[in-house]
Amino acid sequence: MNGVTHSILRVLEHLEDQGHDVLVIAPSTYAVSEFVGPAEVVHGATVHRVPAVPLAGYTNVRVAMGGVYRVKRILADYAPDVVHLASPFILGWRAVQAAHQLGIPTIAIYQTEVPSYAARYGVPFLENWAWNRVENIHLLATRTLVPSTFALNQLRGRGIPRVGMWRRGVDTARFSPEKRDAGWRATVAPGGERIIGYVGRLAIEKQVEDLAALANVPNTKLVIVGDGPQKSALQEALPGAVFTGFLGGEELAKAVASFDLFVHPGEFETFCQTIQEAMASGVPVVATGRGGPLDLVENSRTGWLYQPGDLAGFRARVMDLMGDDAKRRAFATTAHASVQARTWPVLSAELVRQYQSVIAGEPLAETVETKSRRPVVEPAQTKSGASL
């Protein structure tokens, strides 16, 4: 479960509720047949599986096989009014070409900074190729939607036209301060320590190893929620941390609400859904000052941002909040209030209006290009119908 999958599921719920017909084309867990067993139905949407193989080194990520013709045949048979390309790169590249050839409008969602992963995975020579692929996809798409100011400026800086903003919602009923659980806290921090929590995939691009900078912060326990290919290496690098493994549903909501502080060290987040979920749970945030967190975290109000790579600054910001209960509670209250209007029904309805706009052939309303209003500063400088 990642941010892309999570957002798709929430959108499918809304589309089902509104009576739209939806077909999802997704990679299969098998490399040979397109369908294995009966067709899946998820939130009213039929899921059409295409052959796929596991990504080397990360077997839970499936890479779709086949060419444009396969996707074109599926789309031609279904005849959708619009095609939604969710974080397109491999399968999405074929889909945007197929839809273009069929004259079907497309909305491409830019929500994964794939090119920047190249250096982290030891193949920096592939970064330019990956950016060329991203640019080709979004140049061909009818419209591109991004989740943050950083992503908007990034794509516009690369010459991508027709780029608008579509942020992400958060389930404010599921993620709530009311889910805080003393029993769960006692299980992971039996000594009564304050809990510093991280939630996310344990993969190289998330930079979870940077949490080593928080070792020996007085009276704290580091709790890491999630799974991924880096789990074993991280358990060795962070011997004092509690690793819960993957949590979902109410178990995840209980864990997040039981944190005292949420941290996120990754520098390649176009949005960062887990930050919103922490804030909805009444938990302040310390995150790197790049990408999506720039829009989500307001310095000296809902948390702190630190300069990418400044691990000493990261630790200082964590200690600032963990050493001041009154400040941390004030940040928590403001963080909770700041996300209450960002519900999934509201954001999904906004997405449907984007669908309707491209179906009608309307031009994209210009989105003003802005810089973050939340600079990264030191704690000492502040005071406390259609078918898809």
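The name recorded for the protein in an unreviewed UniProt entry is D-inositol 3-phosphate glycosyltransferase, from Pseudarthrobacter sulfonivorans.

A. View of the confidence of the model for the protein. Summing up the model confidence of the protein, the mean pLDDT is 88 and the portion of residues at 70 or higher is 87%. Per-residue pLDDT stays below 50 along residues 368–386; that stretch engages in 44 contacts with residues further than four places along the chain or on separate chains.

B. Main features of the nonpolar core. Within the largest apolar cluster, 31 residues are counted, with the highest numbers of intra-cluster contacts made by Phe-259, Phe-262, Ile-275 and Val-285. Apart from the residues lying within four places of it in its own chain, the contact partners of Phe-262 are Gly-197, Tyr-198, Val-199, Thr-274, Ile-275, Ala-278, Val-283, Pro-284, Val-285 and Val-286. Core analysis: the second largest hydrophobic core is formed by 24 residues, Tyr-198, Phe-243, Tyr-306 and Leu-321 among them.

C. The arrangement of the environment of Ala-130 in detail. Among the secondary structure elements, Ala-130 is positioned in helix α5 (residues 127–140). According to the relative accessible area criterion, Ala-130 is buried, its value standing at 4%. On a C-alpha basis, the gap between Ala-130 and Pro-115 in space is 5.0 Å, while along the polypeptide they are 15 residues apart. When neighbours within four sequence positions are excluded, Ala-130 is seen to be in contact with Phe-89 and Pro-115.

D. Layout of the sheet that holds strand β2 (residues 40–42). With mixed pairing, the three strands of this open sheet are ordered in space as β1-β3-β2. With partners counted over all chains shown, the strands left at the sheet margins are β1 (23–27) and β2, one partner each. Sheet twist, expressed as the average angle between the axes of neighbouring strands with direction ignored, equals 40°. In this structure, β1 lies alongside strand β3 (residues 45–50), joined through five bridges in parallel fashion. Each residue of the ladder has a partner; that of Val-24, found in β3, is Val-47.

E. Examining the sheet that holds strand β8 (residues 143–146) more closely. Strand order across the open sheet formed by four strands is β6-β7-β8-β9, with parallel pairing between neighbours. The outermost strands of the open sheet, each flanked by one partner alone, are β6 (83–86) and β9 (163–165). With direction set aside, neighbouring strand axes in the sheet form an average angle of 25°.

F. Examining the environment of Ala-141 more closely. Among the secondary structure elements, Ala-141 is positioned in the loop between α5 and β8. It is 8.7 Å that separates the C-alpha atoms of Ala-141 and Gln-97, two residues lying 44 residues apart in sequence. When neighbours within four sequence positions are excluded, Ala-141 is seen to be in contact with Val-96, Thr-106, Ala-108 and Arg-162.

Calculation rules
- For every chain, the first residue of the written sequence is number 1, and numbering continues from 1 onward in sequence order.
- With the structure being a predicted model, the display of local features is reserved for residues of pLDDT at least 70 and the display and counting of side-chain atom pairs for 80 or more, all residues being used for whole-chain, interface and lining totals.
- Calculated side-chain values reflect all of the structure's heavy atoms, with hydrogen atoms and water omitted.
- A residue's pLDDT is simply how confident the predictor is in it, with values from 0 to 100.
- It only takes one pair of heavy atoms within 4.5 Å for two residues to be counted as in contact.
- In these notes, a set of buried Ala, Val, Leu, Ile, Met, Phe, Trp, Tyr and Cys residues joined through side-chain atoms within 4.5 Å is what counts as a nonpolar core.
- Only protein chains enter the accessibility calculation, which uses a 1.4 Å probe. A residue is then buried if its area is under 20% of the maximum for its type, exposed if over 50%, and partly exposed in between.
- Where helices and strands are cited, they refer to DSSP runs of H or I of at least four residues and of E of at least two residues respectively, numbered from the N terminus.
- Here, strands pair whenever DSSP counts at least two bridges between them.
- Every axis in this analysis is a line fitted to C-alpha atoms, fitted for helices over the stretch in contact. Angles between the N-to-C directions lie between 0 and 180 degrees.

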